[in-house]
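Descriptive analysis of the structure
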Protein chains: 2
Amino acid sequence: MKPILYDLCGANPEQRFSPYCWRTVYALAHKGIEVEVRPTPFTKIKDIAPEAGKTVPILVDGDKTICDSTAIAAYLEDAYPDRPSLFGGEGGRAASHFFESYVISMMPIFASLVVKDVHDVLAPDDQAYFRTTREQRFGKSLEEVQAGRENRLGDLAKALKPLELMLASQPFVGGESPLYGDYVIFAALQWGRVVSDIDLLEAGTPVHAWFERLLDMYDGLGRKVATGQAAAAA
Amino acid sequence: MKPILYDLCGANPEQRFSPYCWRTVYALAHKGIEVEVRPTPFTKIKDIAPEAGKTVPILVDGDKTICDSTAIAAYLEDAYPDRPSLFGGEGGRAASHFFESYVISMMPIFASLVVKDVHDVLAPDDQAYFRTTREQRFGKSLEEVQAGRENRLGDLAKALKPLELMLASQPFVGGESPLYGDYVIFAALQWGRVVSDIDLLEAGTPVHAWFERLLDMYDGLGRKVATGQAAAAA
């Protein structure tokens with residue numbers, strides 16, 4: 001039996017956007033592990049495996065149920081040591097936690113660019129849940145958070161400057177080929193790409209080219225998903 | 001014969017501040033390699049080994065002369081494989097280039113905080129060289145670049161946010177103990193600490209505590225250096 005991956009989805013089950021789940025989707029592909037994906041709306045997550053955790057991704061592999069993308073990556077690395085390494089050694093494993101923190105530090109920027117778009121691709125029950133919890137967190141409406149977003153694309157480019165500079169010396173965070181650190185940053189940008197019609201990355205830039213390379217990997221894994229505002233109604 | 005490290009210095013040869021040299025000083029300590037340090041002012045670098053390069057650090061190890069901190073770290077890792085690893089594997093080696101780029105992305109902030117202080121600790125010949133080249137680069141006087149710096153300490157704290165967040169889950173970029181990525185970030189902060197009387201890091205913060213841990217390492221290696229504006233005249 002294939003392992004089962006519970007992945008977040010919008011009103012359209014093919015529109016899967018979670019920046020945490022995309023890390024895991026790419027980590028599984030990197031390890032060459034096929035899974036059965038179970039698209040799950042926000043308000044159904046609590047019923048999956050309450051004892052394991054309250055967030056997705058959740059991976060069920062045989063008798064193991066693992067919640068949280070960081071824990072899943074560590075599990076995959078240790079449980080499948082003969083498959084390609086996600087970290088490239090213990091130094092890379094430790095560095096992956098820096099990349100996670102790097103993305104967390106950018107989350108306010110991402111949210112200010114696409115949070116209303118996330119809302120708009122959700123099913124009605126999820127919309128109500130998402131609006132309430134996020135507006136409480138931000139202290140203002142989703143519309144207000146996202147207003148004037150074009151002016152904040154420069155903030156994202158600035159935050160991605162370390163990646164841009166690094167790409168002058170190597171094609172991936174992992175070196176000549178991607179490692180989990182690539183997937184962690186990719187997944188946040190993929191989140192925006194899947195829910196939104198705004199272009200987060202300027203075409204022709206090194207970061208855009210890197211992102212496109214990752215979209216192409218594993219037979220275009222990142223492209224096999226419904227995207228944009230129109231997909232929600234599809 | 002011990003390897004020789006050419007390290008940048010101010011008017012006081014004991015005031016060694018280069019953010020690139022400090023990476024190498026810590027990398028050598030990590031590998032347990034004792035060196036003879038040759039303090040070198042800016043205007044004497046060109047005479048060290050013109051065929052090897054025009055910047056410090058320069059390491060002379062037997063018949064090998066290596067210029068550039070990145071090349072030196074790679075050399076040390078490969079030439080001394082039996083000593084503690086600087087990278088913790090190939091994933092960590094690749095990630096170290098991200099940390100270098102991360103620091104480069106912060107260089108304008110660092111410069112705006114301490115560039116006039118750097119100038120002021122140099123010997124007269126170096127001062128003239130430094131002022132001319134840096135004012136050309138910035139398009140304004142060193143005094144103008146550094147003016148109002150207190151207002152920019154928040155920019156540094158913001159840029160260090162990924163590190164701060166990561167420190168909630170592990171004590172070093174390298175995990176339970178430091179790797180080259182720690183030294184790369186440390187070295188930039190040490191640059192400011194050595195030349196300036198301004199406190200770049202707020203006491204009591206996780207990044208400050210991490211920096212202090214690194215200052216303490218290798219018998220307080222980072223503390224055995226003349227610091228501050230008064231040291232230049234000492």
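Per an unreviewed UniProt entry, the recorded name for chain A is Glutathione S-transferase family protein, and the organism is Stappia sediminis.

Time to look at the sheet that holds strand β4 (residues 64-67) of chain B. Residue and element names in this part refer to chain B. Overall, mixed pairing links the four strands, which are arranged β2-β1-β3-β4 in an open sheet. Single-partner strands in this sheet number two, and they are β2 (36-40) and β4. The average undirected angle you get between the axes of adjacent strands in this sheet is 20 degrees. In terms of strand pairing, strand β1 (residues 4-8) meets strand β3 (residues 58-61) through three bridges, oriented antiparallel. Among the inter-strand pairings, Y6 is bridged to a residue of β3, identified as I58. Helix α1 (residues 19-30) rests against β1 and β3 of the sheet, and its axis sits at about 145 degrees to β1.

The next point concerns the relation of the copies chain A and chain B. Once chain A is rotated about the relating axis by 180 degrees and shifted along it by 0.0 Å, it coincides with chain B to within an RMSD of 0.0 Å. Taken together, the turn and the small shift mark the pair as related by a two-fold rotation axis. Scanning chain A for the C-alpha nearest the rotation axis identifies G92 of chain A, at a separation of 2.1 Å. When you check the interface residues of chain A against chain B, 100% turn up at the interface there too, and the contact is symmetric in its surfaces.

All names here are of chain B. Considering all chains together, one arrives at 34 salt bridges over all chains under this definition. When the shortest N-O distance is used, the salt bridge between E34 and K2 registers 3.5 Å. In this pair, E34 is assigned in the loop between α1 and β2 and K2 in the segment before β1, connecting sequence segments 32 residues apart. Owing to a relative accessible area of 43%, K2 belongs among the partly exposed residues under this scheme. Of the charged contacts, one joins D78 and R93 as a salt bridge, the two residues approaching to 2.7 Å between their closest N and O atoms.

A common way to express how large an interface is: the accessible area buried when the components associate. Residue and element names in this part refer to chain A. Entries for chain A in the domain assignment read domain 1 (4-79) and domain 2 (90-233). For domain 1 and domain 2, the distance between their C-alpha centroids amounts to 18 Å. Taken residue by residue, the interface counts 26 residues in domain 1 and 37 residues in domain 2. Buried surface at the junction of domain 1 and domain 2, both sides included, amounts to about 2,600 Å², of which 64% is carbon and sulfur. When the buried area of domain 1 at its contact with domain 2 is split by residue, Q15, R23 and Y26 rank highest and sum to 29% of it. Summed over the shared surface of domain 1 and domain 2, the number is one salt bridge.

This part takes up the sheet that holds strand β3 (residues 58-61) of chain A. In any sheet, the strands associate via hydrogen bonds between backbone groups, in a parallel or an antiparallel arrangement. Residue and element names in this part refer to chain A. The mixed open sheet is built from four strands, whose spatial order is β2-β1-β3-β4. Where the open sheet ends on each side, the last strands, each with one partner, are β2 (36-40) and β4 (64-67). For this sheet, the mean angle separating the axes of adjacent strands, direction not counted, is 20 degrees. Examined bridge by bridge, β3 and β4 share four bridges and lie antiparallel to one another. Pairing of D61 across the sheet is with K64, part of β4. Along the sheet, helix α1 (residues 21-30) makes contact with β1 (4-8) and β3, crossing β1 at roughly 145 degrees.

Scoring rules and cut-offs
- Residues numbered from 1 in each chain as written.
- Chains lettered and ligands numbered in written order.
- Predicted model: local features only at pLDDT ≥ 70, side-chain atom pairs only at ≥ 80, totals over all residues.
- Heavy atoms only, no water.
- Pairing = 2+ DSSP bridges.
- Helix = DSSP H or I, 4+ residues; strand = E, 2+ residues; numbered from the N terminus.
- Axes fitted to C-alpha atoms, helices over the stretch in contact; angles between N-to-C directions.
- Contact = heavy atoms within 4.5 Å.
- Least-squares fit on C-alpha atoms with pLDDT ≥ 70 in both.
- Salt bridge = Lys/Arg side-chain N within 4 Å of Asp/Glu carboxyl O.
- Buried < 20%, exposed > 50% of the residue type's maximum accessible area, 1.4 Å probe, protein only.
- Domains from an automatic or database assignment.
- Buried area = accessible area lost by both parts, 1.4 Å probe.

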